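Structural description and commentary
Listed below are the residues making up each chain.
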Amino acid sequence: MLGYILKRLLHAVPVALAVSVICFSLVQLAPGDPLAVVLPADASQETVDAVKAQYGLDRPLVVQYFIWLGNVVTGDFGKSIATGRPVLSEISNAIGYSLSLAFLASLMALIVGLSLGMLAGYTIGSPVDKVASAFAISGVSIPHYWLGIVLVVIFSVQLNALPAMGAGTNPDAGILERLRFMILPAVTLAAMPAGIVTRSVRALVAETLARDFVTALRAKGLTEVQIFGHVVKNSAPTALAVIGVQMGYLMAGSILVETVFSWPGTGLLLNSAILTRDIPLLQGTILVLALFFVAMNLIVDILQPLFDPRIKRI
Amino acid sequence: MSTPLLKVADLTVRFRTEKGTIAAVNGINLELQRGQVLGVIGESGSGKSVTLRALLGILPPRKTQISGAITLDGRNVLSLTKRELSKYRGGEVSMIFQEPATALDPVFTIGQQITETVMRHGATTKAKARARALEMLDLVKIPDARSRIDNYPHELSGGMRQRAMIALALSTGPKLLLADEPTTALDATVQIQVILLLRELQRELGMATIFVTHDVGVAAEISDRIAVMYAGRIVETGTASDVLKTPRHPYTNGLLTSTVIGARRGETIDCIAGMPPDLAAMPQGCAFAPRCPLATTECTAAVPMLKKSGADQFVACIRQEADGRHAA
Ligand SMILES: Nc1ncnc2c1ncn2[C@@H]1O[C@H](COP(=O)(O)OP(=O)(O)OP(=O)(O)O)[C@@H](O)[C@H]1O
Ligand SMILES: [Mg+2]
């Protein structure tokens, strides 16, 4: 098992490198001159060249990439052009907020998605299944930001029950107080993955129930509860993969939601980095989010063989 | 004769499908003594598997209508409660499926799958159940059972998998074993080994067995009695030697001459012309009449009943009686 984990880790290295190349070049492709933000419009050519040299922007791209990569590997993501603070500290600050939001949203999506999906998968065609499917489709197709705004209108404006914005300013706030700020953005964020997990689990359970071995399990007299155990173990590997991807999206896909709720996470950070063309910040944030994705996949890869012995540990 | 272990009276199984209700099994009667082996032969779609599944009570309840009576050891199977039924399945009656590759759960070991079954039907501790599993794997002659017990199904060859399924089915000591074409999915040489093993186990353990097969040779090898099914009905039944040596129903006759075993080298193998009827649109009277070389207009008047013909042989064919000789 340890060997398998090490191998998986090694396999993740080239993926991470490819991700870094893409992050680096994507930003080069984006329109607009990053220096336009920090420099006055009438700056002389010498000033422009000096600043360019200061940020290393006068070197060939390949060289820039390797310098950037070398720095990144040692934990130096450079300084934000807009604020002058180290990118790493900006990101690590934001990531804590995003992670806690993503964690709560994942928990909600998992609880709702798994239970609805199983119910629906067991009762394909029944009213329960129809309600669950309608819920799943709404979750997948209702736009994030719209749902967010509707929730704010209902729970903050009309009922005045929950805060509409931010993460709270009181640093000594208790967990409950913090949670109050997280509920609306978390629900908004959870809607889509809950829908996707519901639909995948529904399909998986229905497909597993239709397999021959389920009839054979019934034929040997197992109870429905025991058969359920078999269904779960058979569906787990695929469900895990879906869930892993969704949790990755939750981290990265929260730009709109974090913007709507002014939640100070990576999404909001990315948003402002784009608006201010803050290239070091943009590159750093995208890279960290992409690496988070790679890590999620790695975890799924490591967990899957625990459920399905046919997935070879190679 | 002593009271039979299994008595099936006028069993009918209907499925609700998109095409309307179809009768896959159409009023069959069966009797099976303790320790006896009944071979069931018939073309694809004749209702053999549905019959076995009805006996075990594993047809999907929502789309199935079952009528008639199934009595095992004096108990009416069709009126068992849900709880009684799940004890009956796998406990008193076990089933071996055609495809061991799909009938075993791929993500549990052979040992786990036998153990959970034994636990369900009476074993008190896990250790005892596992010991029983090991004993069964030895009994079905899986080499090196002690290490094979922790293998997953995909780690075994087809033949070994089927042996494991046999071990699983027999682990609870059932009174009746239902085998649904247990060797069809295997290579020819492995087939023979598994058949021989089954015959040996049957003699040793003495459970009554219903053995479904396409292969007349296999049926001859293993059966005491044979029932021939066509379109959901039993058209001929009797001792294996009577039915195979002196087939009285034109369909049985067709089945026997269409096998390689009955044919001589160089002769072309006859096969029965035409196709089995659509169960949603059954012909009037004898279902075989449209394909039967001996059919007359009389045959389409009414469904022929099984009538005694010979010492211990029954046949559902009016031409047979009218002629007073073999329909062949
Ligand atoms: N669950 C079901 N729902 C609807 N129709 C079914 C169902 N199970 C079986 N049938 C139909 O019942 C008929 C008899 O099927 P069965 O499986 O018993 O045939 P068989 O004699 O075992 O054939 P084979 O030799 O191919 O296994 C077929 O026409 C089949 O389509
Ligand atoms: Mg069949």
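Above this text is the structure in question.
What comes next concerns the included structure.

Cut-offs used in this document
- Residues numbered from 1 in each chain as written.
- Chains lettered and ligands numbered in written order.
- Predicted model: local features only at pLDDT ≥ 70, side-chain atom pairs only at ≥ 80, totals over all residues.
- Heavy atoms only, no water.
- Helix = DSSP H or I, 4+ residues; strand = E, 2+ residues; numbered from the N terminus.
- Buried < 20%, exposed > 50% of the residue type's maximum accessible area, 1.4 Å probe, protein only.
- Contact = heavy atoms within 4.5 Å.
- Areas by Shrake-Rupley, 256 points an atom, 1.4 Å probe, with all protein chains shown as cover.
- Lys, Arg positive; Asp, Glu negative; His and termini not counted.
- Charge placed at Lys NZ, Arg CZ, Asp CG, Glu CD.
- Disulfide = S-S within 2.5 Å.
- Pairing = 2+ DSSP bridges.
- Axes fitted to C-alpha atoms, helices over the stretch in contact; angles between N-to-C directions.
- Salt bridge = Lys/Arg side-chain N within 4 Å of Asp/Glu carboxyl O.
- Near = heavy atom within 4 Å.
- Polar contact = N/O pair within 3.5 Å; in protein donor to acceptor, adjacent residues only side chain to side chain.
- Buried area = accessible area lost by both parts, 1.4 Å probe.
- Nonpolar A, V, L, I, M, F, W, Y, C, P; charged D, E, K, R; others polar.
- Phe/Tyr/Trp six-rings, centres within 6.5 Å; stacked < 30°, edge-to-face > 60°.
- Expected span 1.5 Å × (residues − 1).
- Arc of directions from axis to C-beta.

1. Re the overall build of chain A
Across its full length, chain A holds 13 helices and zero strands. In chain A, the order of α-helices and β-strands from amino to carboxyl end is α-α-α-α-α-α-α-α-α-α-α-α-α. For the C-alpha atoms alone, the extent of chain A along its principal axes is close to 85 × 55 × 35 Å. Within chain A, buried positions represent 41% of all 314 residues. Sequence separation of 24 or more characterises 73% of the internal contacts of chain A that already satisfy a separation of 6 or more. For chain A, the computed accessible surface area is about 15,900 Å², with 70% contributed by carbon and sulfur atoms. Charge centroids of chain A, computed over 19 positive and 17 negative side chains, lie 14 Å from each other.

2. Section: the state of the cysteines
All names here are of chain B. Inspection of every chain in the model, using the stated rule, returns zero disulfides over all chains. Of the cysteine sulfurs around C292, a residue in no disulfide, the closest is that of C317, at 6.0 Å. Not part of a disulfide, C299 finds its nearest cysteine sulfur in C286, a span of 6.1 Å. The exposure class assigned to C299 is buried, which follows from its relative accessible area of 6%.

3. A look at the sheet that holds strand β3 (residues 37–41) of chain B
Residue and element names in this part refer to chain B. Overall, mixed pairing links the eight strands, which are arranged β6-β7-β8-β3-β9-β10-β12-β11 in an open sheet. Edge positions in the sheet fall to β6 (93–96) and β11 (307–308), since each of these pairs with one other strand and no more. Note: β6 against strand β7 (residues 176–180), four bridges, orientation parallel. Looking at β7, one finds that M95 is bridged to L178. Of the strands in this sheet, β3, β6, β7 and β8 (208–212) touch helix α8 (residues 188–205), which is tilted by about 160° from β8.

4. Brief notes about the sheet that holds strand β4 (residues 64–72) of chain B
Residues and elements named next belong to chain B. Taking strand neighbours across the sheet as the criterion, the four strands line up as β2-β1-β4-β5 in an open arrangement whose pairing is antiparallel. Edge positions in the sheet fall to β2 (20–32) and β5 (75–76), since each has one partner strand and no second. Pairing of strand β1 (residues 6–17) with β2 involves 10 bridges; the strand directions are antiparallel. In the sheet register, T17 faces β2, and the bridge partner there is G20.

5. Some words on the pattern of salt bridges
In this structure the tally under the stated criterion is 17 salt bridges over all chains. A salt bridge links R202 of chain A to D129 of chain A; the nearest nitrogen and oxygen atoms lie 2.7 Å apart. Linking R202 of chain A in helix α8 (residues 175–209) with D129 of chain A in helix α6 (residues 127–141), this pair joins segments that are 73 residues apart in sequence. Here D129 of chain A falls in the buried class, since its relative accessible area comes to 3%. In this structure, R199 of chain B engages E221 of chain B in a salt bridge whose closest nitrogen and oxygen atoms are separated by 2.4 Å. On the criterion of sequence distance, the pair formed by R199 of chain B in helix α8 and E221 of chain B in helix α9 (residues 216–222) is long-range, its members being 22 residues apart.

6. Details of the site of ligand 1
Residue and element names in this part refer to chain B. Taken together, 16 residues sit near ligand 1, with S44, G45, K48, S49 and V50 positioned nearest. At a separation of 2.6 Å, an oxygen atom of ligand 1 approaches a polar side-chain atom of S49. If ligand 1 stood free it would expose 640 Å²; the protein chains cover 69% of that surface. Secondary structure elements with two or more residues in the shell around ligand 1: β1, β2 and α1 (48–56). Considering every element that reaches the shell around ligand 1, the biggest residue donor is α1, with three residues.

7. Quick notes on unusual backbone geometry
For R277 of chain A, which is not a glycine, the phi torsion comes out positive at approximately 50°. Summarising the element assignment, R277 of chain A is placed in the loop between α12 (266–275) and α13 (279–307). Positive phi, close to 50°, is recorded for D10 of chain B, a residue that is not glycine. Mapped onto the elements, D10 of chain B comes out in strand β1. Taking the relative accessible area as the measure of exposure, D10 of chain B reaches 48% and is therefore partly exposed.

8. What about the interface of chain A and chain B?
Taken together, the contacts link 21 residues of chain A with 24 residues of chain B. Here chain A and chain B share an interface that buries about 1,900 Å² over both sides, 59% of which is from carbon and sulfur atoms. When the buried area of chain A at its contact with chain B is split by residue, A219, K220 and P309 of chain A rank highest and sum to 28% of it. Counting the contacts that link chain A with chain B gives one salt bridge. Two residues, E116 of chain B and K220 of chain A, come together in a salt bridge whose shortest N-O distance is 3.1 Å. Across the chain A-chain B interface, the total number found is 13 residue pairs in polar contact (both at pLDDT 80 or more). For the side of chain A that touches chain B, the element with the most residues is helix α9 (residues 212–219) of chain A, which contributes seven residues. Along the lines of polarity and charge, the residues of the side of chain A that touches chain B split into eight nonpolar, six polar and seven charged.

9. So, the packing of aromatic side chains
Residue and element names in this part refer to chain B. For the coordinates displayed, the defined rule picks out nine aromatic pairs over all chains. Ring plane angle 55° and centroid distance 4.5 Å describe the contact between Y230 and Y251, whose orientation is recorded as tilted. Taken together, the residues Y230 in strand β9 (residues 225–230) and Y251 in helix α11 (residues 250–257) connect sequence positions 21 residues apart. Ring geometry for Y251 and F288: centres 5.2 Å apart, planes at 65°, overall edge-to-face.

10. Some remarks on helix α5 (residues 126–139) of chain B
Every α-helix carries 3.6 residues per turn, so stepping three or four residues along brings you back to the same face. Residue and element names in this part refer to chain B. Compared with the 20 Å implied by 1.5 Å per residue over 14 residues, the 20 Å span of α5 between its first and last C-alpha is a close match. Regarding α5, the residues found buried are A129, A133, L134, M136 and L137. The arc that holds every buried residue of α5, seen down its axis, measures 160°, which confines them to one face. More than 90 degrees from the buried face of α5, the exposed residues found are A127 and K128. On its buried face, α5 is in contact with α4 (110–120), α6 (145–148) and α7 (158–170). Among the residues trailing α5, K141 stands out with phi positive, at a value near 60°.

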